[in-house]
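Now for the letters of each chain:
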Amino acid sequence: MSDNHKGFTVIEILVAMALAGIVMTAVYLSYYSQQKSYLAQDQVSAMQQNLRAAMYVMKTQIRMAGYDPTFSGVSGIVIADADTISFTMDIHDGVDNDGDGEVDENDEEGTGDGDTNDTGEIITYFLYDSGGDGDNDLGTQDANGNNQLIAENIEALNFVYLDGSLNVLDDDGSGNVVANIPNIRSIQVTIVARTNRGDQGYKNNSSYENQWGTSVYTAPGDDLRRRLLTSQVKCRNLGLN
C-alpha cells in the first residue's frame, strides 16, 4: 500500500487565493463600471425626457401667443426679455361650460370673448426656485401670481425674438425687447437642463450657446451632465390685427 498522499503546499494555496482574488476583483470592477454607466445613462435619459417635455409645452403655448379670434386687439406679447416671456391669448368664450365655478382650460372653446381675463389666458415663462433648494426650475405664472412647475433642474432659459424677416430684435443689447414687441413674429427658445445627480469622475466645463452663438450658460466644472435644446417657434397669430 502506497503511503504517498500529496496535498497542497502553502505556496500553492497562496497562489490560488491570489488568482481567485484577481478574478473576483475583475468581476467586481466590471460590475461596478456597468452599474455606474447604467445609472449615468438613466440620469441622462430622464433629463432629456424632462427637457423635451418642457420644450413641447412651451412651443405649444408660445405658438398661441396673440390668439385673438374676435380681433379685439387684446392679445399679444406683454414681456419679451432674454430670460422671461409673458403673453396673452383669448382662448375662452367666457362661459363656465363645465360648471366648476370658473372659466378655465376645461371650458376652452376657441371662440374667444374679447378679453384675456379668464384662467390660462395670461402665461409667463421664467426660472424660479420651486423647492427652496437653490436650484432653478422652469415654471409659469398666471395673472394672479401663482407659480406652476413645468420642469425641474433647468439651468438656463433663453429667448431670442425675430421680426418677419428673421432679424433679431434687441432693444437694449442684452436680448430684451421693449419698443419693438409689436414687430415680433418668431421666437427662438433655448433651454439647458441638468441631471439630478452627479456622475463620479466626470467634469463639466462646457459652455452652452443659443442659435446665434451667444453663451447662455457655462458649467462650473462640477460632475453634473447637461443637455441643451433649442427650437424656433413661429407665432402665427402675431401681426394679424
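As a starting point, this report considers the structure included with it. Being a predicted model, the structure only gives us computed values, none of them experimental.

Here we come to the overall build of the protein chain. Scanning the protein chain for helices and strands turns up one helix and 11 strands. Excluding contacts between residues fewer than 6 apart, the proportion of contacts in the protein chain whose partners are at least 24 apart in sequence is 55%. Total accessible area on the protein chain is roughly 13,800 Å²; 50% of this is exposed by carbon and sulfur atoms.

Here strand β1 (residues 77–80) runs beside strand β2 (residues 85–88); their pairing, made up of three bridges, is antiparallel. Paired with I79 across the bridge in β2 is S86. Here β1 folds back onto β2 in antiparallel fashion, the turn holding four residues.

Attention now moves to the side chain of N158. With respect to the element layout, N158 can be found in strand β6 (residues 154–162). One polar contact links N158 to N210, side chain to side chain, over a distance of 3.1 Å. Those residues in contact with N158 that lie beyond four places of it in its chain are A82, Q188, V189, T190, N210 and V216.

Turning our eyes to something else, we now look at the pattern of salt bridges. This structure, assessed with the given rule, holds five salt bridges. The shortest N-O distance in the salt bridge between E155 and R226 comes to 2.9 Å. Of the two residues, E155 sits in strand β6 while R226 sits in strand β11 (residues 226–234), which places them 71 residues apart along the sequence. Here E155 matches R226 in class, with each residue buried. Its salt-bridge partner being R226, residue D222 comes within 2.8 Å of it at the nearest N-O pair.

Here Q188 shows up in strand β8 (residues 186–194). For Q188, a relative accessible area of 4% gives the class buried. Within the structure, the side chain of Q188 is placed 2.8 Å from the side chain of Q232, a separation counted as a polar contact. Leaving out residues up to four positions away in the same chain, Q188 has contacts with N158, F159, V160, L162, Q211, W212, S231 and Q232.

Bringing a nonpolar patch on the surface into the picture now. A cluster of nonpolar residues, F8, V10, I13, L14 and M17, forms a patch on the protein surface that exposes about 580 Å² of accessible area. Residue position: V10 is located in helix α1 (residues 10–62).

Structurally, F71 can be placed in the loop between α1 and β1. Distance in space between the C-alpha atoms of F71 and G112 is 9.5 Å, their sequence separation being 41 residues.

If you look at the biggest cluster of nonpolar residues, it comprises 34 residues, and the most contacted ones within it are F159, I184, I187 and V189. Leave out the neighbours within four places in its chain, and I184 touches I77, A80, Y161, L162, L169, V177 and L238. Formed by five residues, the second largest nonpolar core is a distinct cluster that contains A156, V192, Y208 and Y217.

A separate point is the sheet that holds β8. Strands sit in the order β7-β6-β8-β11 across an open sheet of four strands; the sheet is antiparallel. Unpaired on one side and paired on the other, β7 (168–169) and β11 mark the two borders of the sheet. In this structure, β6 lies alongside β8, joined through eight bridges in antiparallel fashion. Among the inter-strand pairings, A156 is bridged to a residue of β8, identified as V192.

Further remarks concern the pairing of strand β3 (residues 122–128). Burial analysis of β3 places five of its seven residues in the buried class, the great majority of the element. Relative to β3, β2 runs antiparallel, the two sharing four bridges. The partner of T88 across the bridge, within β3, is I122.

Each value, and the rule that gives it
Residues numbered from 1 in each chain as written. Predicted model: local features only at pLDDT ≥ 70, side-chain atom pairs only at ≥ 80, totals over all residues. Heavy atoms only, no water. Helix = DSSP H or I, 4+ residues; strand = E, 2+ residues; numbered from the N terminus. Contact = heavy atoms within 4.5 Å. Areas by Shrake-Rupley, 256 points an atom, 1.4 Å probe, with all protein chains shown as cover. Pairing = 2+ DSSP bridges. Polar contact = N/O pair within 3.5 Å; in protein donor to acceptor, adjacent residues only side chain to side chain. Salt bridge = Lys/Arg side-chain N within 4 Å of Asp/Glu carboxyl O. Buried < 20%, exposed > 50% of the residue type's maximum accessible area, 1.4 Å probe, protein only. Patch = residues over 30% accessible without salt bridge, like charges linked within 9 Å, V, L, I, M, F, W, Y side chains within 5 Å. Core = buried A, V, L, I, M, F, W, Y, C linked by side-chain atoms within 4.5 Å.

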